[in-house]
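Report on the structure
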Amino acid sequence: LTPAIAPLLVFPPLLWAGNAVVGRLMNGLVPPITLNLLRWVLALLILLPLAGQWLKPGSGLWPHWRRFTWLGLLGVVIFALTLPLTRLAVGTPQAPQLSGLFVASGRATVAAVLSILFLRLTRAPIPRRSDWPALGLVTLGVVFGFPMLSSIAMRHVEAVHASVMLGVLPLAMAGVGAWLHRQRPSGGFWLCAALGSVLVIGFAMLRSGAGNLSLSWADTLLLAAMACAAVGYGVGSLLSQRMRAEH
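Summarised in this report is the structure supplied together with it. The written sequence of each chain sets the order in which its residues are numbered from 1. With pLDDT at 70 or above as the cut-off, local features in this predicted model cover only qualifying residues; side-chain atom pairs require 80 or more to be listed or tallied, and sums for whole chains, interfaces and linings still use all residues. Hydrogens and water molecules were not included; the side-chain quantities draw on all heavy atoms of the structure.

1. Thoughts on the overall build of the protein
Put simply, the rule is: Only runs of H or I of at least four residues qualify as helices and only runs of E of at least two qualify as strands under DSSP, and these elements are numbered from the N terminus. Working definition: with a 1.4 Å probe on protein chains only, accessible area under 20% of the residue-type maximum means buried, over 50% means exposed, and in between means partly exposed. The contact definition used throughout considers only heavy atoms, calling two residues in contact when any of these lie within 4.5 Å. In this description, accessible areas are obtained by the Shrake-Rupley approach with a 1.4 Å probe, and a residue is regarded as covered only by the protein chains that are shown.
Of the regular secondary structure elements, the protein holds nine helices and zero strands. The helix and strand sequence of the protein, counted from the amino end, reads α-α-α-α-α-α-α-α-α. A burial count over the protein gives 27% of its 247 residues as buried. Within the protein, contacts between residues separated by at least 24 positions form 76% of all contacts whose residues are at least 6 apart in sequence. Just so you have it, the protein exposes about 16100 Å², and 73% of that area is on carbon and sulfur atoms.

2. Describing the pattern of salt bridges
As a reminder of what qualifies: In the sections that follow, a salt bridge refers to a side-chain nitrogen of Lys or Arg positioned within 4 Å of a carboxyl oxygen of Asp or Glu.
Summed over the entire model, instances satisfying the criterion amount to two salt bridges. Put simply, D131 and R128 hold a salt bridge, and the shortest N to O gap is 3.5 Å. Judged by its relative accessible area of 47%, R128 is partly exposed. The salt bridge involving R242 is made with D131; its shortest N-O contact spans 2.7 Å. Taken together, the residues span a long stretch of sequence, with R242 in the segment after α9 (217-239) and D131 in the loop between α4 (100-122) and α5 (132-154) at a distance of 111 residues. Counted as one network, the salt bridges with shared partners bring together R128, D131 and R242.

3. Looking at the nonpolar core
Stated formally: Only buried residues count toward a nonpolar core, which is a set of Ala, Val, Leu, Ile, Met, Phe, Trp, Tyr and Cys residues joined through side-chain atoms within 4.5 Å.
Counting 25 residues, the largest nonpolar core has M154, V157, A162, L222 and M226 as its most contacted members. Elements supplying a minimum of two residues to this core: α3 (65-90), α5, α6 (159-165), α7 (169-180) and α9. When residues in this core are grouped by element, the largest group, eight residues, is from α9. In this structure, M226 is in contact with F146, L166, V168, L169 and A172, ignoring residues within four places of it in sequence. Counting residues in hydrophobic clusters, the runner-up holds six residues, among them A134, L135, V138 and V235.

4. Here's the deal with the side chain of S150
Definition in use: Throughout this description, a polar contact denotes any pair of N or O atoms lying within 3.5 Å of each other; where both atoms belong to protein, one of them has to be capable of donating a hydrogen while the other can accept it, and for residues adjacent in sequence the pair is counted only when both atoms sit in side chains.
One can find S150 in helix α5. Among the polar contacts made by the side chain of S150, one reaches the main-chain carbonyl oxygen of F146 at a distance of 2.6 Å. A polar atom in the side chain of S150 sits 3.3 Å from the backbone oxygen of P147. Setting aside anything within four residues of it in sequence, one finds S150 in contact with R107, L222 and A225.

5. Some details on the environment of L239
Here L239 lies in helix α9. L239 sits 101 residues away from V138 along the chain, and the two C-alpha atoms are 9.5 Å apart. Those residues in contact with L239 that lie beyond four places of it in its chain are D131, A134, L135 and V138.

6. Observations regarding the packing of α7 against α9
Formally: Fitted lines through C-alpha atoms serve as axes, helices being fitted only where they are in contact, and the angles separating the N-to-C directions of these axes extend from 0 to 180 degrees. Reported orientations rely on four angle classes, namely roughly parallel under 35 degrees, roughly antiparallel over 145, roughly perpendicular from 65 to 115, and oblique for the rest. Throughout, a crossing is termed right-handed when the near helix is turned clockwise from the far one, and left-handed when it is turned anticlockwise from it by less than a right angle.
Contact geometry for α7 and α9: axes closest at 8 Å, N-to-C directions at 45°. Relative to α9, the element α7 lies oblique. Here the hand of the crossing between α7 and α9 comes out right-handed. On the side of α7, the interface is formed by L169, A172, M173, V176 and L180, while α9 contributes M226, A229, A230, V231, Y233, G234, V235 and L238.

7. A look at the environment of T86
Structurally, T86 is set in helix α3. The class for T86 is buried, based on a relative accessible area of 5%. With 12 residues separating them in the primary sequence, T86 and L98 have C-alpha atoms 9.6 Å apart. In this view, T86 contacts R107, S151 and M154; residues no more than four positions away in its chain are not counted. A distance of 2.6 Å separates the side chain of T86 from the backbone oxygen of T82, its partner in a polar contact.

8. Re the packing of α4 against α5
Inclusion rule: In this count, Pro and Cys sit with the nonpolar residues alongside Ala, Val, Leu, Ile, Met, Phe, Trp and Tyr, while Asp, Glu, Lys and Arg are called charged and the others, Gly among them, polar.
Contact geometry for α4 and α5: axes closest at 8 Å, N-to-C directions at 145°. You can see that α4 and α5 cross each other, and the crossing is right-handed. Contacts from G100, L101, V103, A104, R107 and A108 of α4 reach α5 at V143, F144, P147, M148, S150, S151 and I152. The residue makeup of the contact of α4 with α5, split by class, is nine nonpolar, three polar and one charged.

Spelled out as structure tokens, the structure:
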């Protein structure tokens, strides 16, 4: 980790959390659909110059640009809508809707059905027996842990609050990845990770509404959901070295 890279580790959680805060401030001034459109147009304009070397004839990406464009767009839309739609599905303590366990189970069931269809269509090979324990960890973390814990918590916190809480997820994933891959990041990396974690936990304490500096139980569930996702994605990165990424 070099001094030039260390600030880059701070930008993702800062922009992620700041995105939710700015969206909250713009509420009532700009329609949500218009605000989302402007965000993605701005992101596209920023990324296009950086992606110019790959988005040209003769590059390895060019023959498949349509496929990757649609997959990227679909992934961004699904991920961005996760917390707001979960909030709508579970409701509020004053007006409860579906239970968090039901929402998480429904998500897992739909994902399982779609995955089975995809694996059948692509004739994916059966994983090796040695990979099953790692697949089990990924399933527990990403398929059950994160959706279940976040769905239960979303009834008691707003989507904006949850987005800020999960803003530390990129750093958590980086830390888990460094541990699993037996890398030794420098002290600057861990300093950035600790700083980001302190900021997020401090935000949760100040907004807990308990009248003192303490975490609400919903914030604790969100942090646990973040840990589940970090471990799941980290173990998944190890599996991707032996298995096809889409399988």
